[in-house]
Amino acid sequence: MAVLKLFKTAGGVQEVSAHLAEVEADVQDLVEAHMEAMLGVTFLASEYVIDCVDGGRIDSLGLDENGAPVIVEYKRGTDEGVINQGLYCMAWLTNHKDAFRNLVRDRLGVAAASQILWSAPRLICVAGDFTRYDAHAVREHRRSIDLVRYRYFGSDHFGLETVASVTGHPAPAKRVRRRAAGVAARNQDGAMAELAQAVDEVLVGLGDGVTRAQRKQYRAYRRLRNFASVCPPQQTKLLVYLKADPKEVDLVPDFTRDVTGLGHHGTGDLELQLRTERDLERAGDLLRLSYAAA
């Protein structure tokens, strides 16, 4: 089920009524100004001119939490052309990696440019609405595409709702679980392999629209934003990082830890240390809390 996420705008309090923007640029300006909070994406450029035969502009360019390139396209209302426009820009991006790499280097530094996740570029379409044909179309493309519906509520709140979310490299659940089990087996015995499999099943089963992004150091589970990052198993435990606020959690030694400001792989400030499937059961409320926050 799609979930509406509300963000406070700069307007004053008034009677709440859902409505569209007066012009498309209003949506673009608001999202670009708060892109990290709204989409989990670091903003890089607006109205980026693409250098190709047919020309054109990319509404917004960014880099997500996992280092994947992100194109964001906006439409005020319902427009069947937004997906095709975005795919056109995606084709340019994959054929002009040096241009994007240079942009990341100039904005975020050499380290960020060297760690771009080219295997999973993303397209996020933000529009007033989408047709059922749009949702079907994105599932036919081997691309990572998110369809996001927006609404203004009075002048005080702005809402985003995921209509459809697909990953560019879908893999049957059994294959993913075997791979996760294989990683665990190389680190420990069958018990850790089963735990890795169970964690994957629980995270994917939290709701519709959960996708995975695989990095060498961790696997991210996300909606629009990451809500969990799972690291390769250590000898006796599996580390999971969540987007839950550690200050709102009763921390338990050897189970939960506040890692705010501490370096670690993955994203999130709450660390879970899972050693058994019983630990995974104990973590259920925390996993759901992080999923809801994303």
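Residues numbered from 1 in each chain as written. Predicted model: local features only at pLDDT ≥ 70, side-chain atom pairs only at ≥ 80, totals over all residues. Heavy atoms only, no water.

### With respect to helix α4 (residues 97-108)
- Between its first and last C-alpha, α4 extends 16 Å over 12 residues, near the 16 Å set by a 1.5 Å rise per residue.
- For α4, the set of buried residues is Phe100, Leu103 and Val104. Looking straight down α4, one finds that the buried residues subtend no more than 95 degrees of arc, so they occupy a single side. What points out from α4, more than 90 degrees from its buried face, is the exposed set Asp98 and Asp106. (Helix = DSSP H or I, 4+ residues; strand = E, 2+ residues; numbered from the N terminus. Expected span 1.5 Å × (residues − 1). Buried < 20%, exposed > 50% of the residue type's maximum accessible area, 1.4 Å probe, protein only. Arc of directions from axis to C-beta.)

### A word on the nonpolar core
- Counting 30 residues, the largest nonpolar core has Leu61, Ile71, Phe100 and Leu147 as its most contacted members.
- Within the residue set of this core, elements represented by two or more residues are β3 (41-49), β4 (57-64), α3 (81-95), α4, β6 (122-129), α6 (132-140), β7 (144-153) and β8 (157-166).
- Among all residues touching leucine 61, those that are not within four sequence positions of it are Thr42, Phe43, Leu44, Ala45, Tyr48, Val70, Ile71, Phe100 and Leu103. (Core = buried A, V, L, I, M, F, W, Y, C linked by side-chain atoms within 4.5 Å. Contact = heavy atoms within 4.5 Å.)

### Description of the sheet that holds strand β9 (residues 211-214)
- The strand order across the open sheet formed by six strands is β9-β10-β11-β12-β14-β13, and the pairing between neighbours is antiparallel. The sheet is open, and its two borders are formed by β9 and β13 (256-258), each paired with just one other strand. Neighbouring strand axes in the sheet, compared pairwise and without regard to direction, differ in orientation by 25 degrees on average.
- With three bridges joining them, strand β11 (residues 226-230) and strand β12 (residues 238-242) adopt antiparallel strand pairing. Within the sheet, the bridge partner assigned to serine 229 lies in β12 and is tyrosine 241. (Pairing = 2+ DSSP bridges. Axes fitted to C-alpha atoms, helices over the stretch in contact; angles between N-to-C directions.)

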